[in-house]
Amino acid sequence: MNKATADRVKFEFKDVDVERTEHTVNLHVRHEKLAELLKHLKEREGFRHFIDHTCIDFPDKRERFQGIYILYNPDVNERVLVKTWAKDGKLPSIEKLWPCARWAEREAYDMFGVIYDGHENLRRMFMWEGYPYYPLRKDFPMEGPQEVELPSLTELYAGRTEPPSHDFELMHTRVATLEDLERTERSRLKKKAQLVLNWGPLHPGTHGTIWFLFDLDGESVVQSDVILGQLHRGMEKIAENIYYFQFLPYTDRMDYISAICNELAYVNTVEKLLGVEVPQKARYIRTMFAELQRINSHLLWLGTGALDLGALTVFLYAFREREKIMDIIEGNAGFRLTSAFLRIGGVHYDLAEGTLDVVKAFIKDFPQRLREYHNLLTRNRIWLRRTKDIGIISREDVFNYGLSGPVARASGVPYDLRKLEPYAAYDELDFDIPVGEVGDVYDRYLVRMEEMVQSLRIVEQCVAKLEKLPKSAPYVNKEHPAVMAPKEDVFMDLEDMVKNFRIVVHGEDAPPGEVYAGGENPRGELGFYIYSVSGSKPYRLRIRSGALYNLSIFPKLIEGRTIADAIALLGSLDPVVGETDR
Amino acid sequence: MVNSNGFVLTTVDELLSWGRRNALWPLTIGLACCAIEMMHAAASRFDLDRLGVIFRASPRQADLLIVAGTVVNKVAPMLKLLWEQMPDPKWCITMGGCASAGGPFPTYSTLQGMDRIIPVDVYIPGCPPHPQGLIYGILQLQKKIKEKGVKKYDKAFNDFRKDIQRQGLIPREIEV
């Protein structure tokens, strides 16, 4: 935040503190002035783009909950954090300013029990109605209270064997009942029209387990709501309880289609916090694999999106290419889908022998395959009818709903963190950002198709660069005290072994501070906000999910349209439940 | 076996079991990461169709439930409902660590193993398992059906009948 803006804010709001930490700019404001300050920032200072809102629990402090709002100014490419203390466990709702804040507030209510004054329908976001606890509070154990007896039916039917067929605890956390779910459903939507239709949660078209409620008048949707949490696994709670490096495999399982991109975003944030430099070779390997993963992810979107609209051929074709990319990843990382390939300070393995040759073969082959997809879809009359002029997102809505990724770019907003806040090796590479004009489903399709071409360009440049680098170049910055040495050194060198042992047992020693950094994922900006009070575990790790915010505009877009459009629309927003629910 | 007149002789049980194990129709449900590998198993390279495994969108047409992904406490009753909607005989495969035993998520919101709510026939380890792993699991299930038939349901049915009698819902005289 530049000085002029800070001065203006200071002038307008006398008691606002501007705090500049190493990685962030924080505005501390009193609870009463919060809405006013945010309005000022949005309308006068250009901080239009809503990035995230969350809370932190400090059980020892008098006010206990601190609310944090992350905003972005697209004109000058700056972020600001606004912090405020809740009063009597209450914060004002800002859904009038940014409609997507409604979901973030629901989540904070669900996880912390913070009440938002003026929220239109403050309900549980992920857990069901009637769940009595607030899981992200510091006094709540990660495993949850064990209160119901749930024996393993395998043992119950087969009888206990010696040795036992498996090891399990008899007691279990509370499980929802069908009545709970019905209560959840009813609390969300007051019926206005003829009939409420449930779509999902276990439906092939919902891309996972999203639960949609449509209030229908005939075939057109009058109002709708989305119930999430059918894959809420408590990632943020886990992160608070384990070391920084241990959380890396969990990021794979968030947006499981683009695992390496997630890792890159996470590793990038932690490296900022710990102050780790990454060797050049590792940066290029990271970039190459992240872009391969992006192609992989877009191919899955293409295949399933087309399958939802009835085009089975595209699905089979796209999966053919996906298998090739997964083989490349498996050959290098040892795992197909959730690869856990990156490490803090580098990558886990050096390039395997022949990797670059395989990638080169893929680069040569892929443009022809892309042409095949274009031939199948781009001028297909059915495809055009189903996608053109459906779900048009305006530029203002991109900022109001906190959209990012291809969804934002299809509406003409060139918001791409690879250019704006370059990480890995993106600042040294040459690539373009495709943007759309209309912002409908068809534009989102075209943008993603063009992104694959651009990703291929990046991969090509990375291959050229990696070929020039010597084989002996380091791929992990093992000089840094918080970075684990690569495996082959650990087995040969006593010092490295001792260091690894120390990190594995005690974790990395992070300095106190806070950092927000994001990565440009195939599903939008995946951000990590880490609040550290020194030690080896984060005090709070907030995951800003691009898919969640992209989905938050769905109820608005579907209003007045038919159910058939819902499928095309959801496919174009492309959420992944692992990331929306975390 | 084929006799001299060209007839195939078999028992009804074997014929039924042959038919059942070679046309396992799973329900199309994807919960998390494992669902992607399940899709890969069904797509062009691994092609589950050649094992007679064809995904069905309705539980009424399915006889196999592949639980692919993390089952959380909120989704558990829905899965149980779907399981109850499937006609007998039916089988269940848990794919991956989460569905089998909670996997890497020992948290407040995750069900620690699908076998807490429905009986499981085959557990496939992995996070997620390869498509080959899923295919191996299906082959194991086929083997199990071949060896054991559907007898386990006799036991479950007897238990159920005893339960009902104990609760006094069926008078003893009408017992068949």
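Residues numbered from 1 in each chain as written. Chains lettered and ligands numbered in written order. Predicted model: local features only at pLDDT ≥ 70, side-chain atom pairs only at ≥ 80, totals over all residues. Heavy atoms only, no water.

Engineer: So what exactly am I meant to see when it comes to the overall build of chain B here?
Structural biologist: Scanning chain B from terminus to terminus reveals six helices and three strands. The linear arrangement of helices and strands in chain B, starting from the amino end, is α-α-β-α-β-α-β-α-α. Residues classed as buried in chain B amount to 49% of the 176 residues present. Excluding contacts between residues fewer than 6 apart, the proportion of contacts in chain B whose partners are at least 24 apart in sequence is 75%. When the accessible surface of chain B is totalled, it reaches about 8400 Å², and 59% of it is carbon and sulfur. (Helix = DSSP H or I, 4+ residues; strand = E, 2+ residues; numbered from the N terminus. Buried < 20%, exposed > 50% of the residue type's maximum accessible area, 1.4 Å probe, protein only. Contact = heavy atoms within 4.5 Å. Areas by Shrake-Rupley, 256 points an atom, 1.4 Å probe, with all protein chains shown as cover.)

Engineer: Please clarify how the overall build of chain A should be interpreted in this entry.
Structural biologist: Secondary structure summary: chain A contains 22 helices and 17 strands in total. Here the C-alpha radius of gyration of chain A, 24 Å, is about what a compact globule of 582 residues would show, namely 25 Å. Each of the three principal axes of chain A carries a C-alpha extent, and together these read 75 × 65 × 60 Å. Residues counted as buried form 62% of the 582 residues belonging to chain A. Long-range contacts, defined here as pairs at least 24 residues apart, represent 67% of the contacts in chain A between residues at least 6 apart. For chain A, the accessible area works out to roughly 22100 Å², and carbon and sulfur atoms hold 52% of it. (Rg over C-alpha atoms; globule rule 2.2 N^0.38 Å.)

Engineer: Even after reading the chapter, I still don't get the interface of chain A and chain B, so can you show me in this structure?
Structural biologist: Accessible area lost upon the coming together of the parts is a frequently used measure of interface size. Listed by partner, the interface residues are 66 residues for chain A and 46 residues for chain B. A buried area of about 4500 Å², summed over both sides, lies between chain A and chain B, and 66% of it is on carbon and sulfur atoms. Per-residue buried area on chain A facing chain B is highest for A:Leu202, A:Arg233 and A:Arg336; these three make up 14% of the total on that side. The interface formed by chain A and chain B includes three salt bridges. The shortest N-O distance in the salt bridge between A:Glu323 and B:Arg45 comes to 2.7 Å. At the boundary of chain A and chain B, one finds 26 residue pairs in polar contact (both at pLDDT 80 or more). Of all the secondary structure elements, the ones that give two or more residues to the side of chain A that touches chain B are α4 (153-158), β9 (171-172), α5 (178-188), α6 (235-241), α9 (280-308) and α10 (312-333) of chain A. (Buried area = accessible area lost by both parts, 1.4 Å probe. Salt bridge = Lys/Arg side-chain N within 4 Å of Asp/Glu carboxyl O. Polar contact = N/O pair within 3.5 Å; in protein donor to acceptor, adjacent residues only side chain to side chain.)

Engineer: What is the right way to read the sheet that holds strand β12 (residues 220-227) of chain A from this model?
Structural biologist: In a beta sheet, neighbouring strands pair by backbone hydrogen bonds and run either parallel or antiparallel. Residues and elements named next belong to chain A. Here three strands make up an open sheet; going across it, the order is β10-β11-β12 and the pairing antiparallel. In this open sheet, the two edge strands, each paired with only one partner strand, are β10 (195-199) and β12. Within this sheet the neighbouring strands show an average axis-to-axis angle of 25°, counted without direction. For strand β11 (residues 211-217) and β12, the ladder comprises seven bridges, and the chain directions are antiparallel. Looking across to β12, one finds that Asp215 is bridged to Gln223. (Pairing = 2+ DSSP bridges. Axes fitted to C-alpha atoms, helices over the stretch in contact; angles between N-to-C directions.)

Engineer: Just checking my understanding: could you explain the pattern of salt bridges for this structure?
Structural biologist: Side chains that differ in sign of charge can pair as their charged atoms come close. Residue and element names in this part refer to chain A. Summed over all chains, the structure comprises 58 salt bridges over all chains. The salt bridge partner of Glu45 is Arg8, with a shortest N-O separation of 2.9 Å. Of this pair, Glu45 sits in the loop between α2 (34-43) and β3 (49-57) while Arg8 sits in helix α1 (residues 3-12), and the two are 37 residues apart along the sequence. On the basis of relative accessible area, Glu45 is assigned to the buried category, the value being 8%. For Arg8, a relative accessible area of 42% puts it in the partly exposed group. Of the charged contacts in the structure, one is a salt bridge between Arg409 and Glu520, with a shortest N-O distance of 2.9 Å.

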